[in-house]
Amino acid sequence: MGNNAGMKNMALAILLSALSVGVANAVDIPELHGFLEEAFAPRFGEDNTAHRQFNMAEGRLQLKTKYYVKGDNILADWQTVLTAKADLVLDMYYGGKVVTDLRELNAVMTPMDIMDLKIGRQVLTWGTGDYLFLNDLFPKDYESFFIGRDDEYLKAPSDALRVMLYPEWFNVDVAIIPFFRPNILPDGQRVSFFDSFQGGIAGRNSHRTLDEPARQFRNFIYAGRIYRNFSSYEAALYYYRGFDPSPRSYKDEAAMELFYERLDAYGASVRGPVMGGIGNAEVSYYYSPQDNAGKIRTVQNSMVKYLVGYEKDMGGDLRISAQYYLEETLDYDEYRKALLPNDYRWDEFRHTITGRITKLLANQTVKLSLFTFFSPSDLDVYTRPSITWNATDSWTLTIGANLPWGKDPWTDFGSDQKNKNVYVRLRYSF
Amino acid sequence: MKNIMSICVVVALVLSAGHVRAAEVDDIVAKANEAMYYQAGDGRADVKMTVTDSLGRTRERGMTILRKDTGVDGKQKYYVYFHQPDDVRGMTYLVWKNVGTDDDRWLYLPALDLVRRVAASDKRSSFVGTNFAYEDISGRGTEEDGHTLLGEENGMYKIKSVPKDPGSVEFSYFITWVDMNDFIPRKAEYYDKNGTLYKTIEALEVKDVGGFPTVVKMKATDFNAGSNTVSEFSDVKYDLGTDENIFSERFLRRPPRQYIDKQ
């Protein structure tokens, strides 16, 4: 009897292991990776947002997986890779609300030797700036940036078809984005901001509305880039046809309604070795078709944006970098003439200088970083110190701060001055 | 007595044929550099690096490295795909190694879809937090040091190398033992500005891979920090006929699975 039971168990074990090997071979279960993170950002600064004590208190689970299409089909022939990445957030800022955030769900394929396609939800990035974006008009999440989430969350995903061509002499990158997604900017709920309708920094007392472009074929967004290397130097040309991702124009002032005006951008950049470091330069011309002469006071004028940057490795795991950025409003005389007596008047030139220092310590397991924005024309500053400790290969502790200051409440960082915070993030990666 | 004899022999040889020796040592160094970093025209390897700190705690780095020689002035291209640790999985790294000037380096961060250009003037800095320097992985320009043959020991040439630009490195000199048969360096000792030994790199295991002698296990030890890194190379392959196009932005974004996936 005992013997018989043993035999049965053994047979069962053999059957089960044979089955599991068979299943694993047939289905080829993709690997699942991600992280679990707790984040908290106590704040100092009095305003009218939902919580005075903190900007962020959340638990986050990120899961990501890849699947390589196999078998005798066209997708396998095109070496298709499916990627999915989603975050599940328990957001204590909003009373424990559970938020799902699909970051990526896309297919990458190579239908031709010289062509790759990426279809679906994806993060899009190009350009040469460090936290400064000229030709990269893809959506950003500045709210995440200001409250101390990981840099990954500064980029909001787009639903896009991306066509990448690699003929012999240059590369072409085209993104077609059917539906506009605006930048996620402070709106007074979590992070206060300058609301021109309130005439000052506003929180939940803001009553403005933002009018997004209609979901129509004519409102599709097209972004393109042509780039190539000239030995160690990278050169690129850029094109964008879409909408300003930040609401800068007024649709109906009485109704406190803002909108995202049409925007075309044409740009260029170079990047490469300069004096023992890396130098970069980028320019972009923003054409505002709804106010091409600059005479309409409620619609953003055309602009030119310029950037030069330099980064150097000083040795001993110390890196420093600096950028100079200039925004020039075109048709400025027309703009001034069009203003009414009580309007805010923006400067013709807005200058910004940034500096970054990064130092690695303890076999590169500790990273000290300090990034500072300073505008001598706006007289505002935003500094972001942080320390990251990779305690083990799995555990990472990050402590940092967001410290914006400004003379006036209406400038970029002055408008954010009530949101000084420190943040702590503890992450377990798997 | 025997030692004194051999020193006398070496001194006599150096004195009598200094020019010949200088030419010979440069030839040995060139052959060692070739054997260590330029086997075949291209290759791949899965690399596991285990860093052990002074308290015995370990960290692991896992990556696949592809290499292709361009055939021009010793230039090479390297492609690195990170498998481990978890927070860097999927990141890719591209190095265009230049001899005599700074390398060109790019890092791709998939979460941001960001291709970052990496300033890379310090080749002595640690490679991904291990006890290996960038130069230990991709080679140090042989022309950057003056080389002297100190003698022969146990079938190995013993060579002293002194940097021509001492300010650019943290060592004052290093001594390498190069196997007389296969020209694979078996050990290197690095001495600081006070003449104290502070770092060694040892080839723990050398295997024949398709006719090319290959270091498949090596160890770097830092005596000041009390830490060491063991690097193990598996699934080493040469003469893959890799397309040079792989070493470009396109493949940073779309890793070439045929070379990266473990076979």
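About the cut-offs
Residues numbered from 1 in each chain as written. Chains lettered and ligands numbered in written order. Predicted model: local features only at pLDDT ≥ 70, side-chain atom pairs only at ≥ 80, totals over all residues. Heavy atoms only, no water. Helix = DSSP H or I, 4+ residues; strand = E, 2+ residues; numbered from the N terminus. Rg over C-alpha atoms; globule rule 2.2 N^0.38 Å. Buried < 20%, exposed > 50% of the residue type's maximum accessible area, 1.4 Å probe, protein only. Contact = heavy atoms within 4.5 Å. Areas by Shrake-Rupley, 256 points an atom, 1.4 Å probe, with all protein chains shown as cover. Lys, Arg positive; Asp, Glu negative; His and termini not counted. Charge placed at Lys NZ, Arg CZ, Asp CG, Glu CD. Patch = residues over 30% accessible without salt bridge, like charges linked within 9 Å, V, L, I, M, F, W, Y side chains within 5 Å. Salt bridge = Lys/Arg side-chain N within 4 Å of Asp/Glu carboxyl O. Core = buried A, V, L, I, M, F, W, Y, C linked by side-chain atoms within 4.5 Å. Pairing = 2+ DSSP bridges. Axes fitted to C-alpha atoms, helices over the stretch in contact; angles between N-to-C directions. Phe/Tyr/Trp six-rings, centres within 6.5 Å; stacked < 30°, edge-to-face > 60°. Lys NZ or Arg CZ within 6 Å of the ring centre and 35° of its normal.

The helix and strand tally for chain B stands at five helices and 13 strands. Here the C-alpha radius of gyration of chain B, 19 Å, is about what a compact globule of 263 residues would show, namely 18 Å. A burial count over chain B gives 54% of its 263 residues as buried. Within chain B, residue pairs in contact and separated by at least 24 positions form 44% of the contacts whose partners lie at least 6 positions apart. Roughly 11,800 Å² of accessible area belongs to chain B as shown, and the carbon and sulfur atoms make up 54% of that amount. When the 36 positive and 41 negative side-chain charges of chain B are each reduced to one mean point, those points stand 3 Å apart.

Okay, unusual backbone geometry next. All names here are of chain B. Here the residue pair Q84 and P85 is connected by a cis peptide bond, since its omega of -5 degrees sits within 30 degrees of zero. Its location among the elements puts P85 in the loop between β3 (76-84) and β4 (92-97). In this structure, D73 is a non-glycine residue whose phi angle is positive, near 50 degrees. Note that D73 resides in the loop between β2 (58-69) and β3.

The subject of this paragraph is a nonpolar patch on the surface. Together, L361, L368, I387, I399 and V424 of chain A give the surface a local cluster of nonpolar side chains, amounting to about 340 Å² of exposed area. With respect to the helices and strands, the residue I387 of chain A is situated in strand β21 (residues 380-390).

Below, the discussion takes up the nonpolar core. Ranked by size, the top nonpolar core spans 45 residues in total, and within it M63, Y93 and I159 of chain B carry the most contacts. For this core, the element with the highest residue contribution is helix α2 (residues 18-37) of chain B, accounting for five residues. With 22 residues, the next largest nonpolar core counts L137, A223, Y240 and M303 of chain A among its residues.

With that out of the way, let us pick up the sheet that holds strand β13 (residues 249-252) of chain A. All names here are of chain A. Judged by pairing direction, the sheet is mixed, and its three strands sit side by side in the order β10-β14-β13 without closing on themselves. Each edge of the sheet is formed by a strand with only one pairing partner; in this case those strands are β10 (209-211) and β13. Averaged over all pairs of adjacent strands, the angle between their axes in this sheet comes to 40 degrees, without regard to strand direction. Pairing of β10 with strand β14 (residues 257-259) involves three bridges; the strand directions are parallel.

Below, the discussion takes up the packing of aromatic side chains. Residue and element names in this part refer to chain A. Scanning all chains against the criterion turns up 37 aromatic pairs over all chains. Ring geometry for Y142 and F145: centres 6.3 Å apart, planes at 90 degrees, overall edge-to-face. Taken as a pair, Y142 and F145 lie in helix α3 (residues 142-147) at a separation of three residues, close to a single helical turn. Here F145 falls in the buried class, since its relative accessible area comes to 5%. Ring pairs connect the aromatic residues Y131, Y142, F145, F146, F371, F373, Y382 and F413, which therefore count as one cluster. When the ring centre of Y93 is taken as origin, the NZ or CZ atom of R190, which lies over that ring, is 4.6 Å away. Over the face of the ring belonging to F230 we find R228, whose NZ or CZ atom lies 4.3 Å from the ring centre.

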